[in-house]
Amino acid sequence: MSKAVKKKSTKTKSKSQSSVQQTFDQKTIQEFKESFAIMDGNKDGVIDRNDLSDLYACLGQIQPVEKIDNMLKEAAGPLNFTTFLSMFGEKMHGSDTFSALVDAFKMFDKTGTGKMKEQDLMGLLMNKRGNPLSDDEYQAMLKGKPPIDKGEVDYVAFAKMLTSGGEEA
């Protein structure tokens, strides 16, 4: 490989890593490293089909090969740690996540005030479909001081809190 090609690929890699590092703080990156290490069953630095199949099996689930392959196709290349981190950055800070949440919450705002009933939010979060919150998890969420006042949720502020990790956006 020529020096020019090496230099260019190093710059691209550094730029990608820098972008990822700006997305997450060091504590979060460390947590992702630990998660990645658990998923990388054969410890080769890349999560592959066998790693994901084994991970699901440990959780008591058997997933079709097609589903696992589709998951892996979301990555731009081999699913190494940098790609893994970048994918989570895109998912967590995606531009449409905030607006999708606001649009979903609007369905419960019959008067167009920007608020919904806390009871409706609780019903959504604790619904038995998908991954419902337990009572303990719901109470833990309330300790994070979501924008709830007198039984009403400012769902725009709540969506902002969810998509920015609790930080002011």
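The preceding data block contains the structure.
Now for a look at the structure at hand. What you see is a predicted model, and the numbers here were worked out from it, not measured in a lab. (Residues numbered from 1 in each chain as written. Predicted model: local features only at pLDDT ≥ 70, side-chain atom pairs only at ≥ 80, totals over all residues. Heavy atoms only, no water.)

Attention now moves to the nonpolar core. Soluble, globular proteins show a tendency: their nonpolar side chains are buried together. Phe32, Ile47, Leu79, Phe81, Phe84 and Leu85 are the most contacted members of the largest nonpolar core, which has 14 residues in total. Every element with two or more residues in this core is listed here: α2 (26-39), α4 (65-73) and α5 (81-92). It is α5 that contributes the most residues to this core, four residues altogether. Residues within four places of Leu79 in sequence aside, it is in contact with Phe36, Gly45, Val46, Ile47, Leu72, Phe84 and Met87. One finds Val102, Phe105, Tyr155 and Met161 within the second-largest nonpolar core, a separate group that totals twelve residues. (Core = buried A, V, L, I, M, F, W, Y, C linked by side-chain atoms within 4.5 Å. Buried < 20%, exposed > 50% of the residue type's maximum accessible area, 1.4 Å probe, protein only. Helix = DSSP H or I, 4+ residues; strand = E, 2+ residues; numbered from the N terminus. Contact = heavy atoms within 4.5 Å.)

Of note, the phi angle at Lys145 is positive, near 55°, even though the residue is not glycine. Within the secondary structure, Lys145 is located in the loop between α8 (135-143) and β2 (148-149). Non-glycine residue Lys150 carries a positive phi angle of around 50°. We classify Lys150 as exposed; its relative accessible area is 79%.

Let us look at the pattern of salt bridges. Taken as a whole and judged by the stated rule, the model has one salt bridge. With a closest N to O distance of 2.9 Å, Arg49 and Asp69 form a salt bridge. Of this pair, Arg49 sits in helix α3 (residues 49-58) while Asp69 sits in helix α4; the two residues are 20 residues apart in sequence, bridging distant segments of the chain. Exposure remark for Arg49: the relative accessible area of 38% places this residue in the partly exposed category. Given the relative accessible area of 22%, Asp69 is considered partly exposed. (Salt bridge = Lys/Arg side-chain N within 4 Å of Asp/Glu carboxyl O.)

Glancing now at the side chain of Gln63. Tracing the backbone shows Gln63 in the loop between α3 and α4. A polar atom in the side chain of Gln63 sits 3.2 Å from the side chain of Gln61. At 3.2 Å, the side chain of Gln63 forms a polar contact with the side chain of Lys67. Excluding its chain neighbours within four sequence positions, the residues that come into contact with Gln63 are Tyr56 and Ile68. (Polar contact = N/O pair within 3.5 Å; in protein donor to acceptor, adjacent residues only side chain to side chain.)

Further remarks concern the packing of aromatic side chains. In total, this model carries six aromatic pairs according to the counting rule given. Each ring, one from Phe32 and one from Phe84, has its centre 6.2 Å from the other, and the planes form 80°; the classification is edge-to-face. On the criterion of sequence distance, the pair formed by Phe32 in helix α2 and Phe84 in helix α5 is long-range, its members being 52 residues apart. Ring geometry for Phe36 versus Phe84: centroids 5.3 Å apart, planes at 65°, classification edge-to-face. Highlighted residues: Phe36 in helix α2 and Phe84 in helix α5, separated in sequence by 48 residues. Phe84 matches Phe36 in its accessibility class, with the two residues each being buried. Through a chain of ring-to-ring contacts, three or more aromatic side chains come together here, namely Phe32, Phe36, Phe81 and Phe84. (Phe/Tyr/Trp six-rings, centres within 6.5 Å; stacked < 30°, edge-to-face > 60°.)

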